[in-house]
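# Observations on chain architecture
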Amino acid sequence: MSSPTQAHAAPARTHARTEPDPGAPAPHHAVVPAGAGAHPQAPDRQAPDRQAPDRQARFQANPQFSRAERDAVYRAIHTRRDVRGEFLPDAIPDEVLARVLTAAHHAPSVGFMQPWDFIVVRSREVRARIHADFVAAHAEAEQMFDAGKRATYRNLKLEGILESPVNICITCDRRRHGPVVIGRTHIGAMDVYSAVCAVQNLWLAARAENLGVGWVSILHEPALREALGIPPEIIPIAYLCIGYVKDFHARPELESAGWLKRMPLAELLHFDGWRGPADAGGEQLAEAIRQVQPIAR
């Protein structure tokens, strides 16, 4: 799993703060004209305070992103990589890992269900057990590909279980908050999709912290469950390797290796239905997409 930047060889260990963009528009605050909302029989009654504490708690005080903040979000998205062989042994400070996990916990979830749990794996012994299963699964997977691709597959580095200082397994508890959940009443897999959103949040937050993440999916689920003591009713969603890295690849590794190419987004657009053709407005959108350049520095 992977996305365009050459990273710096020595990742910064400080938590960067984004300064406000002086050119960004000031946040809009509603202004209530004097006397607005006053009862006609009570001319001396004051208008309600639009900035009362309860209103401030309900709405974001500064919802607008500055240009620098916006670009930072897109840069994290476009330079995120599935890291395998570049991990450094440096420990991740607790305050950094705490920020990353907090970001994951703030992912969207169906019915505000928050079905995820996070198993933080630092034990070398536990990681060695999972790595041993990866080796077995990797050998099996090689035989599933056409003979012409097996050598390429065999030479790909597809995990960093032992090299990274921390592994995290994200799970999904489908029974959390009972059998009926708002938004899951008709599409039953929404809780699983929600847990995947937590994976993406974690990945992007880690990139902003100059941490690499690698998703290891070549595992036997029963072996993973046994190694981590995951009960039968809990679903393992993602096994992730996390750590500082020597470099972030400029392009996804599988793309660089010639395994697959990134598909043009304009070819994946449908309008008003599956394979629906583009009208004039659709053509304009497709052209706008072709003009977008990923933010990669």
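Residues numbered from 1 in each chain as written. Predicted model: local features only at pLDDT ≥ 70, side-chain atom pairs only at ≥ 80, totals over all residues. Heavy atoms only, no water.

All right, on to the confidence of the model for the chain then. Any region with low pLDDT has predicted coordinates that should not be read closely. Mean pLDDT over the chain stands at 85; residues scoring 70 or higher make up 81%. In the predicted structure, residues 1-45 sits below a pLDDT of 50 and forms 73 contacts with residues beyond four places in sequence or in another chain. (pLDDT = per-residue confidence, 0-100. Contact = heavy atoms within 4.5 Å.)

Turning our eyes to something else, we now look at the pairing of strand β4 (residues 234-244). In regular strands, side chains alternate between the two faces of the sheet. For β4, the buried fraction is high: 10 of the 11 residues fall into the buried class. Here strand β2 (residues 166-173) runs beside β4; their pairing, made up of 8 bridges, is antiparallel. Looking at the pairing, Ile-170 lines up with Ala-238 of β4. Judged from the 6 bridges that link them, strand β3 (residues 211-216) and β4 form a sheet pairing that is antiparallel. Within β4, the residue paired with Trp-215 across the bridge is Leu-240. (Buried < 20%, exposed > 50% of the residue type's maximum accessible area, 1.4 Å probe, protein only. Helix = DSSP H or I, 4+ residues; strand = E, 2+ residues; numbered from the N terminus. Pairing = 2+ DSSP bridges.)

Attention now goes to the pairing of β2. Across the 8 residues that make up β2, a large majority, 8, are buried. Burial of the side chains of β2 extends over both faces: Val-166, Ile-168, Ile-170 and Cys-172 are buried on one face and Asn-167, Cys-169, Thr-171 and Asp-173 on the other. As paired elements, strand β1 (residues 116-121) and β2 share 6 bridges and run antiparallel to each other. Counted as the bridge partner of Val-121 is Asn-167 from β2.

For the rest of this paragraph, the subject is the nonpolar core. By size, the foremost hydrophobic cluster in this structure holds 28 residues, and its most contacted members are Ile-92, Val-199, Leu-202, Leu-211, Leu-240 and Ile-242. Elements that contribute at least two residues to this core include exactly α3 (94-105), β2, α6 (190-208), β3 and β4. Broken down by element, this core gets its largest block of residues, 8 residues, from α6. Filtering out sequence-adjacent residues up to four positions away, Leu-211 remains in contact with Ile-92, Val-96, Val-100, Ala-206, Ile-242, Gly-243, Tyr-244 and Phe-248. In terms of nonpolar packing, the next biggest core, distinct from the first, is built from 25 residues, Phe-87, Phe-134, Ala-141 and Phe-248 among them. (Core = buried A, V, L, I, M, F, W, Y, C linked by side-chain atoms within 4.5 Å.)

Moving on, we get to the packing of aromatic side chains. Applying the stated criterion across every chain yields a total of 4 aromatic pairs. Ring centres 5.4 Å apart and planes at 85° place the aromatic pair Phe-145 and Trp-259 in the edge-to-face group. Of this pair, Phe-145 sits in the loop between α4 (124-142) and α5 (147-155) while Trp-259 is found in the loop between α8 (253-256) and α9 (280-291), placing the two residues 114 residues apart along the sequence. We classify Trp-259 as buried; its relative accessible area is 14%. Ring geometry for Tyr-153 versus Trp-259: centroids 6.4 Å apart, planes at 50°, classification tilted. One end of the pair, Tyr-153, is in helix α5; the other, Trp-259, is in the loop between α8 and α9, and 106 residues separate them in sequence. Through pairs of rings, three or more aromatic residues link up here, namely Phe-145, Tyr-153 and Trp-259. Across the ring face of Trp-203, the terminal group of Arg-80 is positioned such that the distance to the ring centre comes to 4.5 Å. One cation-aromatic arrangement involves Arg-207 over Phe-248; the distance from NZ or CZ to the ring centre is 3.9 Å. (Phe/Tyr/Trp six-rings, centres within 6.5 Å; stacked < 30°, edge-to-face > 60°. Lys NZ or Arg CZ within 6 Å of the ring centre and 35° of its normal.)

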